[in-house]
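If you want the building blocks of each chain, they are given just below.
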Amino acid sequence: MSGTIQDYFEGKIDFVGQQRVDEIARIWLFSFTALSFVLGFALQSLKISFVLLGASTFVLCAIVLPAWPMYNKHPVKWLPVESSEGKAKSR
């Protein structure tokens, strides 16, 4: 049980998952920055702008910081390890 919890909090994701997180974060931050600016400008309130941007940042952190299973769908396939005895005999 503790191994599973440790794996969850360790934060290992594959390269495709890293790219997905980067795209999600970039689109999310751009969208909510523009939305909070427009809404704050329309309502003439800096408080609304900062609250909306801050809340959206916390939600984004909950989406991208944990190593969710959707970020580990493409594991890296490493080459097998060659033994040193096999190399010495082949020379």
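- Under the annotation held in an unreviewed UniProt entry, the chain carries the name Signal peptidase complex subunit 1 and is attributed to Lentinula lateritia.
- What UniProt records for the chain under Function (unreviewed entry) is the sentence "Component of the signal peptidase complex (SPC) which catalyzes the cleavage of N-terminal signal sequences from nascent proteins as they are translocated into the lumen of the endoplasmic reticulum. Dispensable for SPC enzymatic activity."
- The record held by UniProt for the chain lists under Sequence similarities (unreviewed entry) the comment "Belongs to the SPCS1 family."

1. Structural notes on the packing of aromatic side chains
Stage number 1. Counted under the stated rule, the structure contains two aromatic pairs.
Stage number 2. On the basis of an interplanar angle of 35 degrees and a centroid distance of 4.9 Å, the ring pair of Trp-28 and Phe-32 is categorised as tilted. Within this pair, Trp-28 and its partner Phe-32 are both found in helix α2 (residues 15-43), separated by four residues, close to a single helical turn.
Stage number 3. The class of Phe-32 is partly exposed, set by a relative accessible area of 23%.
Stage number 4. Judged by centre distance (6.0 Å) and plane angle (20 degrees), the ring pair of Phe-37 and Phe-41 falls under stacked. Pair noted here: Phe-37 and Phe-41 are both in helix α2, with a separation of four residues, about one helical turn.

2. Here's the deal with the confidence of the model for the chain
Stage number 1. Mean pLDDT over the chain stands at 86; residues scoring 70 or higher make up 84%.
Stage number 2. For the chain, the element scoring lowest by mean pLDDT is helix α4 (residues 84-90), at 62; α2 scores highest, at 95.

What counts and how
Residues numbered from 1 in each chain as written. Predicted model: local features only at pLDDT ≥ 70, side-chain atom pairs only at ≥ 80, totals over all residues. Heavy atoms only, no water. UniProt positions renumbered as here; feature names shortened; annotations may be inferred. Phe/Tyr/Trp six-rings, centres within 6.5 Å; stacked < 30°, edge-to-face > 60°. Helix = DSSP H or I, 4+ residues; strand = E, 2+ residues; numbered from the N terminus. Buried < 20%, exposed > 50% of the residue type's maximum accessible area, 1.4 Å probe, protein only. pLDDT = per-residue confidence, 0-100.

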